Each structure stands twice: as structure tokens, then as C-alpha cells.
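# A closer look at the structure
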Amino acid sequence: MSYGPVDLTYTAAEQRYAKVPYRRSGNSGLDLPAFSFGLWQKFGTDYPFATQREIILHAFDLGITHFDNADRYGPPHRAAQKNFGRVLAKDLAPYRDELILSTKAGNPIGPSPYLKGGSRKSLLTSLEHSLRDLGTDYVDIFYHHSPDLGTPLEETVGALAGAVQQGKALYIGISNYLPDRAHEAAELLREAGVPLLIHQARYSIYDRRPEQNGLLDTARRDGFGAIVYSPLAQGLLTDKYLERIPEGARAADSTFLSPDAIDETYRRRTAELNKIAAARGQSLAQLALQWVLRRPEVTSALIGASSTAQLDHNLAALEFPEFTDDELALIDEHGIHGTGLNL
Ligand SMILES: NC(=O)c1ccc[n+]([C@@H]2O[C@H](COP(=O)([O-])OP(=O)(O)OC[C@H]3O[C@@H](n4cnc5c(N)ncnc54)[C@H](OP(=O)(O)O)[C@@H]3O)[C@@H](O)[C@H]2O)c1
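A brief report on the enclosed structure follows. These numbers were taken from a predicted model, which means no experiment stands behind them.

## Focus: the packing of aromatic side chains
The full count for this structure, using the stated rule, is 9 aromatic pairs. Where Tyr17 meets Tyr22, the ring centres are 6.2 Å apart and the plane angle is 55°; that geometry is what we call tilted. By relative accessible area, Tyr22 is classed as partly exposed at 31%. Judged by centre distance (5.2 Å) and plane angle (45°), the rings of Phe67 and Phe84 are tilted. Pair noted here: Phe67 is in strand 4 (residues 66–68) and Phe84 is in helix 2 (residues 79–92), with a separation of 17 residues, a long-range link. Exposure remark for Phe67: the relative accessible area of 1% places this residue in the buried category.

## Some details on unusual backbone geometry
For the bond from Gly74 to Pro75, the omega torsion is 10°, close enough to zero to count as cis. Looking along the chain, the bond that leaves Pro75 and enters Pro76 is cis, with omega of -15°. You can see Pro76 is positioned in the loop between strand 4 and helix 2. You will see that Ala233, though not glycine, has its phi angle at about 45°, which is positive. Mapped onto the elements of the fold, Ala233 is located in the loop between strand 9 (225–229) and helix 8 (250–253).

## Observations regarding the pairing of strand 10 (residues 298–303)
With respect to burial, strand 10 is a largely interior element, 6 of its 6 residues being buried. Here strand 3 (residues 35–38) runs beside strand 10; their pairing, made up of 3 bridges, is parallel. Note on strand 10: the bridge partner recorded for Phe35 is Ala301. Inspection of the sheet shows strand 9 paired to strand 10 by 4 bridges, in the parallel sense.

## Section: the pattern of salt bridges
Applying the stated criterion across every chain yields a total of 20 salt bridges. In this structure, Arg208 and Glu211 form a salt bridge, with 2.5 Å as the shortest nitrogen-oxygen distance. For the pair formed by Arg208 and Glu211, the shared burial category is buried. A single network of salt bridges, built from pairs that share partners, joins Arg208, Glu211, Arg294 and Asp332.

## As for the site of the ligand
What surrounds the ligand is a group of 32 residues, the closest being Lys42, Asp68, Ser230, Lys240 and Ser306. Within the backbone of Ala233, a nitrogen or oxygen atom sits 3.4 Å from an oxygen atom of the ligand. Within the side chain of Lys240, a nitrogen or oxygen atom sits 2.6 Å from an oxygen atom of the ligand. Protein contacts shield 93% of the accessible area of the ligand, which totals 930 Å² for the unbound molecule. Counting residues per element, the ones that place at least two in the shell around the ligand are strand 10 and helix 11 (308–315). Considering every element that reaches the shell around the ligand, the biggest residue donor is helix 11, with 3 residues. Classifying every residue of the shell around the ligand gives 13 nonpolar, 14 polar and 5 charged.

## Describing the sheet that holds strand 6 (residues 139–144)
Taken together, the 8 strands give a closed barrel; going around it, the order is 3-4-5-6-7-8-9-10, and neighbouring strands pair in parallel fashion. The sheet shows a mean angle of 30° between the axes of neighbouring strands, direction not considered. Running over the sheet, helix 5 (residues 179–191) touches strand 7 (169–175) and strand 8 (196–202) and is turned about 160° from strand 8.

## A short note on a negative patch on the surface
The grouping of Glu154, Asp180, Glu184 and Glu191 at the surface amounts to a negative patch. Counting residues per element, the negative patch draws most heavily on helix 5, at 3 residues. Following the sequence through the fold, Glu154 ends up in helix 4 (residues 153–165).

## Some details on the side chain of Arg250
By the element assignment, Arg250 lies in helix 8. Buried charge Arg250 goes without a salt bridge, the closest partner of opposite sign being Asp253 at 9.0 Å. Of the polar contacts made by the side chain of Arg250, one reaches the side chain of Gln234; its length is 2.9 Å. Once you skip the residues sitting within four places of it in the chain, Arg250 turns out to touch Trp40, Gln41, Lys42, Gln234, Tyr241 and Leu257.

## Examining the side chain of Ser126
Summarising the element assignment, Ser126 is placed in helix 3 (residues 120–134). Once residues lying within four places of it in the same chain are set aside, the contact partners of Ser126 are Asp71, Lys104 and Ala105.

## Topic: the packing of helix 5 against helix 7 (residues 215–222)
Their axes nearest at 9 Å, the elements helix 5 and helix 7 cross at an angle of 15°. Comparing their axes, helix 7 and helix 5 come out roughly parallel. The handedness of the crossing between helix 5 and helix 7 is right-handed. Judged by residue contacts, Pro179, Ala182, His183, Ala186 and Arg190 of helix 5 engage Leu215, Thr218 and Asp222 from helix 7. In terms of residue class, the contact of helix 5 with helix 7 is built from 4 nonpolar, 2 polar and 2 charged.

About the cut-offs
Residues numbered from 1 in each chain as written. Predicted model: local features only at pLDDT ≥ 70, side-chain atom pairs only at ≥ 80, totals over all residues. Heavy atoms only, no water. Phe/Tyr/Trp six-rings, centres within 6.5 Å; stacked < 30°, edge-to-face > 60°. Buried < 20%, exposed > 50% of the residue type's maximum accessible area, 1.4 Å probe, protein only. Helix = DSSP H or I, 4+ residues; strand = E, 2+ residues; numbered from the N terminus. Pairing = 2+ DSSP bridges. Salt bridge = Lys/Arg side-chain N within 4 Å of Asp/Glu carboxyl O. Near = heavy atom within 4 Å. Polar contact = N/O pair within 3.5 Å; in protein donor to acceptor, adjacent residues only side chain to side chain. Areas by Shrake-Rupley, 256 points an atom, 1.4 Å probe, with all protein chains shown as cover. Nonpolar A, V, L, I, M, F, W, Y, C, P; charged D, E, K, R; others polar. Axes fitted to C-alpha atoms, helices over the stretch in contact; angles between N-to-C directions. Contact = heavy atoms within 4.5 Å. Patch = residues over 30% accessible without salt bridge, like charges linked within 9 Å, V, L, I, M, F, W, Y side chains within 5 Å. Lys, Arg positive; Asp, Glu negative; His and termini not counted. Charge placed at Lys NZ, Arg CZ, Asp CG, Glu CD. Parallel < 35°, antiparallel > 145°, perpendicular 65-115°, else oblique. Left-handed = near helix turned anticlockwise from the far one by under 90°.

Here it is, written out as C-alpha cells:
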């Protein structure tokens, strides 16, 4: 694809590969940065484009080469990938070969039956639109966003594999699949000659399901990676909500994080976790990120940020010593599944 005339006002930092370690995704040949960046929140028309561009370019300068999108991300739907596409065209086009761009399809983006689910029609139509939004000929990873139990898995998998065979995606991912269905999808993809690269699931100190329901074990056995989203539980695993809900924070602004999540139980547990972090000389955000990355099955922690300062702060998470067994046991006491998330 031609990107047209490129305004070369941005030059990537020379030392961009010095900070973030890379980790292999399952049995594939692909390494991903330990931190990947997602554009779910504050990358639509609701936040200044100049700030969005600054965050994306700062992330790349820090060594985050993987940017995660979905047809749904906005508001409105598809706006986040259009905004990323603007930055790609203007600033990152010379670096396209260094980027791992992902998108997802399947979560509802409109009333039409072809704007949701796991049918061939929905998935491949969405992918066409996403390529146009992003302004690229291919995505590096194409995901089915959530399982669709009403569509034969063979059809969904066939469409995903077809995207790779047509050169529109390099790798395939699935997201939010329970372990059994993830295993089935991995088998079908292997038979189709397009091995499953990665599974995207929510995992944090406050959402322990991937370790409890066997998803991480399945990933190891089937040889796919795990990229874990909302490792900070959308900001709940920071110290920002201990006293009050700050203006502009996600719990104040977003329909995806209710202020009701911040109740007394949440505050008590979070204050205890905050003390454990302080005793290690780090912040709670840094402890929470280091904690998800302690699992070898986890290829990458998929984070969001509303400022470059948050990125700088969070990426320092791997500069601290590994957890001792005693520290992990202490975290388990307060890191209880469901805390503050109304699950
Ligand atoms: N596959 C799926 O179904 C699915 C679902 C959800 C997300 N995802 C992916 O995962 C990505 C990350 O999700 P997420 O944004 O929920 O991840 P997260 O890292 O748990 O939360 C990020 C948010 O926490 C706040 N924050 C970050 N660092 C902070 C710090 N040091 N101090 C205080 N607050 C801080 C910021 O929100 P504020 O400053 O705005 O409060 C930031 O946007 C998404 O963008 C998307 O790509 C996938």
C-alpha cells in the first residue's frame, strides 16, 4: 500500500529496543514486547487526537511495537483504528515492518446480523473495513473477539485461516474463549495449517480466572501464547482510587468501569496490596504488571494509558526483583478474584 507523502517530523528513538524485553508467543516464531498497547479507551473522538498521537509515538519510542485495536473501539465504533491509521500514515509508515498491528471482529458494532458473531460474512467484512481504517494491506494478528456459540466453530476458524491464506493477516488470535473451546479452535487451526498464535483474555490480581479455569495450562499444552488485557483492572490496581475518584479517571468517565466498583471491600484490599508494593519499593501499578508477567505462559501484558507519564511509570515495572514465595502468598490473601469488578 502507498502511504502517500509522509511528513517526516517524527523520528523514532534510536534506543527504542533497549528497555522492554521481548517474549516468544507460544510455539510460534513471533516475539512480542512484554508490554503491548491497546486503544480501547480514550482513542475515539472523545479525547484529543494530539494526545493520542503523543501516547502512541511515546509507546513506540519505549519499545512497544505491538498496538491492539478492534472494529468496536471508539467511540464511535471504528474511530480508534481510524485514529491509529492517521498516526500510521503521518508518522509510523516508515516503521510499518517493525509494528505488530492487531484488530478484532465479532463483538456487535451495529444492528445488522453481519456486524456481529463468528460467521465468515461478519469476520471477513469487518477485516476489510479494519484494513481501510488502519490504512494497511495486512494486520499482523486478526482475532475473533469473543466466542459465538451459535456459529459452527469450523466456519469461524475457516474464515480466520482464510484471512491468513489471502495475505490479509499474518497470524490468528482468539479472545475470551473458555479453555475447551480454545483447545478446539487450536486443533482446527492446526489442521488448517494456520496454528493459533495467541489468546487474549482478561487477567489481573483481581481477575484470576485464566489461572483458575485452566486457560493458562491449555495455552501451554496447545502451544499458543497468552496476551492478557486489563492487567491493572482498568486502573483499579493503582493507588488512584484509594481516597476518591479523580476527575477524568476511567471510573468517572467510562461506561466500562462503574464507580460502584470502588466500594469498601475494594478499598480495604487495594490498600493492603498498596502496602505490599510499598514494601518492595514500587507502586501498586508496577506490582500488578509484574505479577501478570510472572507466569511464563503470558507473552505480553496488554495495557492502556491516558498519558505518556502513565506509560513511563508502568514500564518501570520490570526493574524490580522477582517476587518471593512469601510475597506471592501475601498478594493471594488480598488479590481475590472479583474484587471491585462486580463479577
Ligand atoms: N479482548 C477483549 O475483549 C478486551 C477487553 C478489554 C480490553 N482489551 C484490550 O486491552 C487493552 C488494555 O485494557 P485496559 O485499558 O483496561 O488496561 P489496564 O492497563 O488495566 O487499564 C489502563 C487504564 O488504567 C489507568 N492507568 C494506567 N496506568 C496508570 C497509573 N500508573 N496510575 C493510575 N492510573 C493508571 C488509565 O486510565 P485513566 O487514566 O483513564 O483512569 C489507563 O487507561 C485495551 O486497550 C484493549 O486493547 C481487550
